[in-house]
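Close look at the chain arrangement
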Amino acid sequence: EDKVVQSPLSLVVHEGDTVTLNCSYEVTNFRSLLWYKQEKKAPTFLFMLTSSGIEKKSGRLSSILDKKELFSILNITATQTGDSAVYLCATNNQAGTALIFGKGTTLSVSS
Amino acid sequence: GAVVSQHPSWVICKSGTSVKIECRSLDFQATTMFWYRQFPKQSLMLMATSNEGSKATYEQGVEKDKFLINHASLTLSTLTVTSAHPEDSSFYICSAIGYELYGYTFGSGTRLTVV
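Treat the numbers as computed from the prediction; the structure is a model and nothing was measured.

Definitions and limits used
As a convention, each chain's residues are numbered from 1 in the sequence order in which they are written. Chain labels run from A onward and ligand labels from 1 onward, assigned in the order the entries are written. Per-residue local features are limited, in this predicted model, to residues with pLDDT of at least 70; the limit for side-chain atom pairs, both in listing and counting, is 80 or more; totals at the level of whole chains, interfaces and linings are taken over all residues. Side-chain metrics in this entry use all non-hydrogen atoms of the structure; hydrogen atoms and water are not considered. Each helix is a run of DSSP H or I of at least 4 residues and each strand a run of E of at least 2, with the numbering of both proceeding from the N terminus. The globule rule used here is 2.2 Å times the number of residues to the 0.38 power, and the radius of gyration it is set against is calculated over C-alpha atoms. Partly exposed residues are those whose accessible area sits between 20% and 50% of the maximum for their type, while under 20% is buried and over 50% is exposed, using a 1.4 Å probe and protein chains only. It only takes one pair of heavy atoms within 4.5 Å for two residues to be counted as in contact. Computed by Shrake-Rupley with a 1.4 Å probe, the accessible areas treat only the displayed protein chains as cover when residues are assessed. His is not counted here, nor are the chain ends, while Lys and Arg score as positive and Asp and Glu score as negative. By convention, the charge on Lys lies at NZ, on Arg at CZ, on Asp at CG and on Glu at CD. When two parts are put together, the accessible area they lose, computed with a 1.4 Å probe and summed over both, is reported as buried area. Every case where a carboxyl oxygen of Asp or Glu lies within 4 Å of a side-chain nitrogen of Lys or Arg is listed as a salt bridge. Criterion for a disulfide: a pair of cysteine sulfur atoms at a distance within 2.5 Å. One bridge is not enough; two strands pair if DSSP finds at least two bridges between them. Axis lines are fitted through C-alpha atoms, for helices just across the contact stretch, and the angle between N-to-C directions can take any value from 0 to 180 degrees. Patch definition: residues with relative accessible area over 30% and no salt bridge; like charges joined within 9 Å; nonpolar side chains (Val, Leu, Ile, Met, Phe, Trp, Tyr) joined within 5 Å.

**Things to note about the overall build of chain A**
Looking only at helices and strands, chain A has 0 helices and 11 strands in total. Each helix (α) and strand (β) of chain A, taken in turn from the N terminus, gives the series β-β-β-β-β-β-β-β-β-β-β. Taking 2.2 N^0.38 as the reference for a compact globule, 111 residues should give roughly 13 Å; the C-alpha atoms of chain A span a radius of gyration of 13 Å, in line with that estimate. Projected onto its principal axes, the C-alpha coordinates of chain A cover approximately 45 × 30 × 20 Å. Counting over 111 residues, chain A shows a buried share of 45%. Taking the intrachain contacts of chain A between residues at least 6 apart in sequence as the baseline, contacts between residues at least 24 apart amount to 53%. For chain A, the exposed surface amounts to about 5,400 Å²; the carbon and sulfur share of it is 50%. Once the 11 positive and 10 negative side-chain charges of chain A are each reduced to a mean point, those two points are 5 Å apart.

**As for the interface of chain B and chain A**
Every contact between the two is made by 17 residues of chain B and, on the other side, 17 residues of chain A. Surface buried jointly by chain B and chain A totals about 1,400 Å² across both partners, of which 62% is contributed by carbon and sulfur atoms. Viewed at the interface, chain A and chain B are joined by 0 salt bridges. For the side of chain B that touches chain A, the secondary-structure elements that each account for two or more residues are strand S4 (30–38), strand S5 (45–51) and strand S9 (90–98) of chain B. With 3 residues, S4 of chain B is the single largest residue contributor to the side of chain B that touches chain A.

**Side note on the state of the cysteines**
Per the counting criterion, the structure on display carries 2 disulfides over all chains. Here Cys23 of chain A connects covalently by a disulfide to Cys89 of chain A, the sulfurs 1.9 Å from one another. Between Cys23 of chain A and Cys89 of chain A, the disulfide has an S-S torsion of -65 degrees and is therefore left-handed. One end of the pair, Cys23 of chain A, is in strand S3 (residues 19–26); the other, Cys89 of chain A, is in strand S9 (residues 85–92), and 66 residues separate them in sequence. Each member of the pair, Cys23 of chain A as well as Cys89 of chain A, is classed as buried. Across the disulfide, Cys23 of chain B is cross-linked to Cys94 of chain B (sulfur-sulfur distance 1.8 Å).

**Let's talk about the sheet that holds strand S3 (residues 19–25) of chain B**
Strand pairing within a sheet occurs via backbone hydrogen bonds; the two strands may be parallel or antiparallel. Residues and elements named next belong to chain B. An order of S1-S3-S8-S7 is seen for the 4 strands of this open sheet, with the pairing classed as antiparallel. With one partner strand each, in any of the chains shown, strand S1 (4–7) and strand S7 (67–73) form the two edges of the open sheet. Across this sheet, the average inter-strand angle for adjacent strands is 15 degrees, counted without regard to direction. Taken together, the 6 bridges between S3 and strand S8 (residues 76–81) define a ladder with antiparallel strand orientation.

**Some thoughts on a nonpolar patch on the surface**
All names here are of chain B. Together, Trp10, Ile12 and Val115 line one region of the surface with nonpolar side chains, adding up to about 370 Å² of accessible area. Secondary-structure assignment places Ile12 in strand S2 (residues 10–13). Judged by relative accessible area, Ile12 falls into the exposed class, the value being 54%.

This is how it looks when you write it as structure tokens:
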């Protein structure tokens, strides 16, 4: 059965800290791994990763994929209170169409 | 960028009534629309996948007669929750992919409360 497992499930840090969120996956027909940030409403897209070892970066956020070990990490440096959210990791289902999501990591950044 | 407009953003209905949720792709053609459901503190669970002009494909455990999905055009898909019950109360989100889209685009979600 295809699955996505995220850890930790929740994390509380102080502003300025660096955090690393983990995502492991088991998918029969892997195509890509995606990271999303979800606040009150629908998820907003962060990264799509398809190749191992190539870091994607956007401001203070970065992510990398290891297709051999079947995991990805999302790094956030110099965290801010606005980074508080649920971070979702997803990959394609066996049919290669829809996304299957992990349970998410709830990040709380205190000032 | 690509935008999916989802309406309503929240709805309260009485048990036994039906509710329709709409998702429109505003600036692209949504070849495939996905409908997800999210219960509190849970992740998004795929309910069904619909391709324009075809019948939706439902995930195991999702009642197709209860959750009616229509994807009649490349810009509009609807989810109708028929004979809603309190256990159907949830956050429903659509997501679309289209030609030359990078990643999946989500609607803003609909919070359904059945009383």
